[in-house]
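Remarks on the overall topology
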Amino acid sequence: MSELLEQIATCIERGKVNANSPYPPDMKGQEGADELVKKAVDEGVAPEDILNEALIKGMGAIGKKFSANQVFVPDVLMAAKSMQAAMAHLRPFFESGQAKHKGTFVIGTVQGDLHDIGKNLVAMVMEGGGFKVVDLGVDVAPEKFVEAVKANPDACVGLSALLTTTMVNMEKTVAQIKETSPDTKVVVGGAPLTQEFADKIGADSYSPDPQGALDYLTSAVS
Amino acid sequence: MTSNERIANILKRQPVDRIGLFEHFWPDTHRKWVADGHLREGVSFEDHFGYDLQNCWAFNMVADLDFEPEVVEETDETVLIRDGNGALLRRHKQHDATPEHVDFLVKDRAGWEMHIKPHLTPDRRRINFDGYRAVRNDAQAKQRFFCWGGVNVFELMHPVCGHEYMLMGMALDPDWVKEMVMTYAQLTVDLMEILFADEGLPDGIWFYEDMGFKNRPFMSPDMYREIIQPGHLLTMNYAKSKGLPVILHSCGYVEPLVPGFIESGIDCLQVIEVKAGMDLIQLYKDYGDRLSFMGGIDVRTLYSNDRDTIRQELCAKIPTVKEGFGYVLHSDHSIPVQVDYESYRYFVDFGMEIGHY
């Protein structure tokens, strides 16, 4: 079993989606995350073991390499694509309650800002890290974040902004979330942000990369 | 020394009387400063502040020139439009921002070959001859350095397939992305040939090419060299064949790509975005003998609207980077509406004061 989970973790980290995928070139023709996770499920491996010991491990490895500038966005996108192929086999177990996520993560780009690449990368890494992701999209009003937190009371929240002109809307969003739900953890990120700004607006954490947000929230929910 | 002579020398890192001066603004800023009475309606920033450069975007690179943009959905704040690249984009109506990428007809090689490639011909309708002529004449009359301005291959590909499909394509099907790169590079050169033959050469070429984001470029240096650089070499070698220097703009953190940019033939790197992790002083130390710079002044110091903060930022950088004669004063992105006119005026005046030789 552990060998199969190791193989799956490698497929996630390397972005090997399925047997037909030509990427990465040195794994051409080999089975990918899609086939191997199906095999694990068929063999009766617990979905939470597949999630924790293969998917989270593989995404964690690529996330750390991304933080260290050892891999780049195309590599993370391919890892996320292979993780999504794997999750398709596990989703029914999470939906039926047979398996549980680490927690729920509500994410969106703040009001006035239509950028989504950074937000999407964080959402992919969080899902790969074992969180159920509620993606509110872009240009999200503070009230929508508040509604999402009411609907998911134990959720953590991630706020993204790319523009200096829209990061001011983060402050309003954090204030409204904290006013209605003071214990909700809020992490913020985006090009113009700094730790100093995050502290000023009352966010619980700032991370310059997706892995930092995952590490913080994994520790916060454990 | 005229502005034209000054910038020509700065791009070669040869002696000048002062550092250069140029800037980009968010359109909201112009509207506000006009409304506040600081700028007269119809007066350009170039004329008002005495910039040394002037650009003209002369090419329409949308794939299907005959496609009428189609409004798919509209609210009070946003409008969702299908454009001639087959892209579904949501734009903000209230303020200026990059549009949200909602969907694309092109997600892979097949989509590219079906929807885009057949349209990419050097059609004269792609060229704004009148606009180019007018700006070129204006710049010549005012002795400014005149640049043909436009985007290069990286910025031409993502409007048809989005960043995610493009970047995944670089991993999954690099030959497809290379084909897009070379198709757009050749089209750019073909259109330049037509324009320059009819209207005359500019003084330089300015390529906009956002290749980074916070703390990292979109791709590895190896991927840049394998996939993107052939297009940069084609377009920049063409510029060099006409004796034209090349200024390359990139937002985001692109420091790891700079050696590749130099191999491709750039003369000046702009805009050196501090908040994304770029460090003007370090770049100057590492590459100042081979490269000129424009920008790198943290725009956040400007919208502090605090003169001491602005002065400190300028004093921390200008005396060093002016040493090699290869620097043009510019913020590290664009001036947003939060910057008071008086703060920007101070930035220019003090920057020029300490930027004299």
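Residues numbered from 1 in each chain as written. Chains lettered and ligands numbered in written order. Predicted model: local features only at pLDDT ≥ 70, side-chain atom pairs only at ≥ 80, totals over all residues.

With that settled, the discussion passes to the sheet that holds strand E3 (residues 156-160) of chain A. An order of E2-E1-E3-E4-E5 (chain A) is seen for the 5 strands of this open sheet, with the pairing classed as parallel. Of all strands in the sheet, those with a lone pairing partner are strand E2 (131-135) and strand E5 (205-206) of chain A, marking the two edges. (Pairing = 2+ DSSP bridges. Helix = DSSP H or I, 4+ residues; strand = E, 2+ residues; numbered from the N terminus.)

Turning our attention to the sheet that holds strand E14 (residues 327-329) of chain B. Residues and elements named next belong to chain B. Taken together, 8 strands build an open sheet; the order of strands is E1-E14-E13-E12-E11-E8-E7-E2 and the sheet is parallel. Two strands in the sheet have a free side with no partner beyond their single neighbour: strand E1 (20-21) and strand E2 (53-57). Pairing analysis gives 4 bridges linking strand E11 (residues 246-250) to strand E12 (residues 268-271), with the strands arranged parallel. Among the inter-strand pairings, His249 is bridged to a residue of E12, identified as Gln270. Relative to the sheet, helix H1 (residues 3-10) contacts E1, E2, strand E7 (145-151), strand E13 (292-295) and E14, its axis offset from that of E7 by approximately 60°. (Contact = placed C-beta atoms within 7 Å. Axes fitted to C-alpha atoms, helices over the stretch in contact; angles between N-to-C directions.)

What follows deals with the interface of chain B and chain A. Put simply, an interface is often sized by how much accessible area is lost when its parts join up. Counting residues at the interface gives 30 residues for chain B and 27 residues for chain A. Where the side of chain B that touches chain A is concerned, the elements lending two or more residues are strand E5 (87-92), strand E6 (100-104), helix H6 (153-172), strand E10 (216-217) and helix H11 (299-302) of chain B. Among the residues forming the side of chain B that touches chain A, the class breakdown is 15 nonpolar, 8 polar and 7 charged. (Nonpolar A, V, L, I, M, F, W, Y, C, P; charged D, E, K, R; others polar.)

With 100% of its residues at a pLDDT of 70 or more, chain A shows a mean pLDDT of 91. Within chain A, helix H5 (residues 117-128) of chain A has the poorest average pLDDT of any element, 87, and helix H2 (residues 33-42) of chain A the best, 97. (pLDDT = per-residue confidence, 0-100.)

Ranked by size, the top nonpolar core spans 175 residues in total, and within it Ile8, Ile12 and Ala33 of chain A together with Phe293 of chain B carry the most contacts. No other element matches H6 of chain B, which puts 13 residues into this core. Here this core spans two domains, and each of domain 1 (2-96) and domain 2 (103-221) of chain A adds at least three residues to it. Non-local contacts of Phe293 of chain B, meaning those with residues more than four positions away in its chain, are made with Cys268, Leu269, Ile272, Leu280, Leu283, Tyr284, Val321, Gly326 and Tyr327 of chain B. (Core = buried A, V, L, I, M, F, W, Y, C linked by C-beta atoms within 7 Å. Buried ≥ 20, exposed ≤ 12 C-beta atoms within 10 Å, placed from the backbone. Domains from an automatic or database assignment.)

Here the focus is the domain arrangement of chain A. Residue and element names in this part refer to chain A. What the domain assignment reports for chain A is domain 1 (2-96) and domain 2 (103-221). Each partner contributes residues to the interface: domain 1 has 13 residues there, and domain 2 has 12 residues. Looking at the side of domain 1 that touches domain 2, the elements with two or more residues in it are helix H3 (47-67) and helix H4 (73-96). Per-element accounting of the side of domain 1 that touches domain 2 gives the leading share, 10 residues, to H3. Partitioned by chemical class, the residues of the side of domain 1 that touches domain 2 number 8 nonpolar, 4 polar and 1 charged.

With that out of the way, let us pick up H5 of chain A. Residues and elements named next belong to chain A. An ideal rise of 1.5 Å per residue puts 16 Å on 12 residues; H5 measures up with 17 Å between its terminal C-alpha atoms. Extensive coverage of H5 is indicated by the burial of 11 of its 12 residues. Every buried residue of H5 is listed here: Ile117, Lys119, Asn120, Leu121, Val122, Ala123, Met124, Val125, Met126, Glu127 and Gly128. Two residues or fewer past H5, Gly130 is found with a positive phi of approximately 100°. (Expected span 1.5 Å × (residues − 1).)

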